[in-house]
Amino acid sequence: MTSGSGEHPQDTAGRPAGEGRADPATEAFVAHRNLLFTVAYELLGSAADAEDVLQETWLRWAAVDLGTVRDRRAYLVRITTRQALSRLRALGRRKESYVGPWLPEPLLTAPDVAEDVELADSVSMAMLLVLETLAPTERAVFVLREVFDLGYDEIAEAVDKSPAAVRQIAHRARTHVAARRPRGVVSPAETRDALDAFRRAVETGDLQGLLDILAPDVVLTGDGGGVVQAVPRPIVGADKVARLLVAGLGRIAAVASLRPAQVNGCPALVLRLGGAIDTVVAVRIDDGLITGLYAVRNPEKLSHMRRETTLRR
């Protein structure tokens, strides 16, 4: 399945496409597909794994007796959450053997994602990294409650906990996230301005210009996955980060282009070498300065930068 394409689920479920009117199960799945992908992606930080979860969800949904289903949306979200939680625990084990820092898979998102401020914030690279610090059940409860506004009873069914336990988990998760999320809401215009200043400074080798836009304690994290070269550990400090960026882009300036794009609902930059996507750079901004730079270089994580992904709440 490809995210946000609106494809018929039978394209991946082994059924013939385009044969008359879809059955009720297919219609319900297609109607909620972008929502289900968004739920899975927010729980996993991986579009590839989210697509696998959707295929598993479809296979289970296709076997359900719809006559027993009162709320098809809630039922589909419940299946998706359970499949995502199972995969999230397996993904945690995979990350332990991942080469270098792990970053979420970037998505080239449709413009309307940025218009939903809460959705854009929830899928931003900075927020996904905050969600990574939650235990799997805490992450599911937080996402379902705070992003998708599900009731405690619905969430309880999805995570196999009592509603009272879910309320406690939600409170704990909110406190945890609040202590780690970016300070205050940054408008897309502020992010674009910061990125424009950052891009001009990098392209012109303006070290002072970079120091002016980078926070003193800025952290640069690179994800090459052991497939391509990237910084092996986070680089901390404006001077170190600025000098690394100026020197690095200076070596490839003749074949490099750095252009803006909407990534995970937020302004970001895409570095191309010889026309091919090489690196996606997302940022975290606090108090007008860039405090986090997230450079995804692992080519296995860049496939969703070739087409827009539709996310829904």
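To keep things clear, this report deals only with the structure shown in the data block. (Residues numbered from 1 in each chain as written. Predicted model: local features only at pLDDT ≥ 70, side-chain atom pairs only at ≥ 80, totals over all residues. Heavy atoms only, no water.)

### A word on the environment of P234
Right, on to step 1. You can see P234 is positioned in the loop between β1 (214-223) and β2 (235-236).
Right, on to step 2. Given the relative accessible area of 42%, P234 is considered partly exposed.
Right, on to step 3. Each C-alpha atom, one on P234 and one on V218, is 9.9 Å from the other, the two residues being 16 residues apart in sequence.
Right, on to step 4. Setting aside anything within four residues of it in sequence, one finds P234 in contact with P101, V219, L220 and T221. (Helix = DSSP H or I, 4+ residues; strand = E, 2+ residues; numbered from the N terminus. Buried < 20%, exposed > 50% of the residue type's maximum accessible area, 1.4 Å probe, protein only. Contact = heavy atoms within 4.5 Å.)

### Points about the sheet that holds strand β5 (residues 276-286)
Sheets are built from strands paired through backbone hydrogen bonds, the pairs being either parallel or antiparallel.
Right, on to step 1. The six strands are arranged β2-β1-β6-β5-β4-β3 in an open sheet whose pairing can be described as mixed. In this open sheet, the two edge strands, each paired with only one partner strand, are β2 and β3 (256-263).
Right, on to step 2. For β5 and strand β6 (residues 289-296), the ladder comprises seven bridges, and the chain directions are antiparallel. Across the sheet, the residue bridging to R284 is G292, located in β6.
Right, on to step 3. Running at roughly 25 degrees to strand β4 (residues 266-273), helix α11 (residues 188-204) makes contact with β1, β3, β4, β5 and β6 of the sheet. (Pairing = 2+ DSSP bridges. Axes fitted to C-alpha atoms, helices over the stretch in contact; angles between N-to-C directions.)

### Quick notes on the packing of helix α9 (residues 152-159) against helix α10 (residues 163-178)
Right, on to step 1. Put simply, α9 and α10 touch, their axes get as near as 9 Å, and they point 95 degrees apart. Taken together, the axes of α9 and α10 lie roughly perpendicular to each other. The residues of α10 that touch α9, namely those facing Y152, D153, I155, A156 and V159, are P163, V166, R167, A170 and R174.
Right, on to step 2. Residues that form the contact of α9 with α10 fall into these classes: seven nonpolar, no polar and three charged. (Parallel < 35°, antiparallel > 145°, perpendicular 65-115°, else oblique. Nonpolar A, V, L, I, M, F, W, Y, C, P; charged D, E, K, R; others polar.)

### Comments concerning the pattern of salt bridges
Right, on to step 1. Under the defined criterion, the tally for this structure stands at 19 salt bridges.
Right, on to step 2. Its salt-bridge partner being R82, residue D160 comes within 3.1 Å of it at the nearest N-O pair. With D160 in the loop between α9 and α10 and R82 in helix α4 (residues 72-96), this pair connects stretches of sequence that are 78 residues apart.
Right, on to step 3. Looking at D160, the relative accessible area reads 60%, which means it is exposed.
Right, on to step 4. Among the salt bridges present, the one from D223 reaches K301, with a minimum N-O distance of 2.6 Å. Residue D223 is found in strand β1, and its partner K301 is found in the segment after β6; the two are separated by 78 residues along the sequence. Comparing D223 with K301 shows no difference in burial state: the two are buried.
Right, on to step 5. Salt bridges linked by common partners bring D49, D52, E56, R87 and R94 together as one network. (Salt bridge = Lys/Arg side-chain N within 4 Å of Asp/Glu carboxyl O.)

### Overview of the packing of aromatic side chains
Right, on to step 1. Tallied over the full model, the rule gives three aromatic pairs.
Right, on to step 2. Ring centres of F29 and W58 lie 5.3 Å apart, and the angle between their planes is 65 degrees; this geometry places the pair in the edge-to-face category. Highlighted residues: F29 in helix α2 (residues 24-44) and W58 in helix α3 (residues 47-62), separated in sequence by 29 residues.
Right, on to step 3. Ring geometry for W61 against Y75: centres 5.8 Å apart, planes inclined by 50 degrees, an arrangement best described as tilted. One end of the pair, W61, is in helix α3; the other, Y75, is in helix α4, and 14 residues separate them in sequence. (Phe/Tyr/Trp six-rings, centres within 6.5 Å; stacked < 30°, edge-to-face > 60°.)

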